[in-house]
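Reading the structure
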Amino acid sequence: EVREDTSDQEIRYVSGDVTAPQFSGRHDAIIVHCVDDSGQWGRGGLFSALSARSMQPETLYELAGKMKDLHLGDAHLMAIDDLMSREEGRDLVHPLCTHTHTRTHTH
């Protein structure tokens, strides 16, 4: 479902499979994904859905973690068209570092 009352300059809200952007035509589609600063790619949910679409986000996110290049507010932009692509326009994922990773140990 897409709201038709938006121009090309506005955010379009679409419901459905986030890893397969719809109605983007020749325009680039950006998937925003909130992540922590650990550099550890999660399992399940959107992490697994993105990995099924492309290994690039996982590889680059983990590399950014190893290079200590993940800080609150950081935003990286990565193409996810290596396994599936459209004729026109690109699909990109935008991991946004929104929180600090905390680990609790239980004994």
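Just so you know, these numbers come straight off a predicted model, no measurement behind them. (Residues numbered from 1 in each chain as written. Predicted model: local features only at pLDDT ≥ 70, side-chain atom pairs only at ≥ 80, totals over all residues. Heavy atoms only, no water.)

Core analysis: the biggest nonpolar cluster contains 11 residues, these being Ile31, Val35, Trp41, Phe47, Leu50, Tyr61, Ala64, Leu70, Met78, Ile80 and Val93. Every element with two or more residues in this core is listed here: strand E1 (29–36), helix H1 (45–53) and helix H2 (56–66). (Core = buried A, V, L, I, M, F, W, Y, C linked by side-chain atoms within 4.5 Å. Buried < 20%, exposed > 50% of the residue type's maximum accessible area, 1.4 Å probe, protein only. Helix = DSSP H or I, 4+ residues; strand = E, 2+ residues; numbered from the N terminus.)

So, about the environment of Arg53. Relative to the elements of secondary structure, Arg53 occurs in helix H1. Linking Arg53 and Met84, residues 31 residues apart in sequence, is a C-alpha distance of 6.9 Å. Discounting residues that sit within four places of it in the chain, Arg53 has contacts with Thr19, Ala20, Pro21, Ile80, Asp81, Asp82, Leu83, Met84 and Asp91. A polar side-chain atom of Arg53 sits 2.8 Å from a polar atom in the side chain of Asp91. (Contact = heavy atoms within 4.5 Å. Polar contact = N/O pair within 3.5 Å; in protein donor to acceptor, adjacent residues only side chain to side chain.)

Along the polypeptide, Asp81 turns up in the loop between strand E2 (78–79) and strand E3 (91–99). Within the structure, the side chain of Asp81 is placed 3.2 Å from the side chain of Arg53, a separation counted as a polar contact. A distance of 3.0 Å separates a polar side-chain atom of Asp81 from the backbone nitrogen of Asp91. Asp81 has contacts with Arg53, Gly89, Arg90 and Asp91, leaving out every residue within four places of it along the chain.

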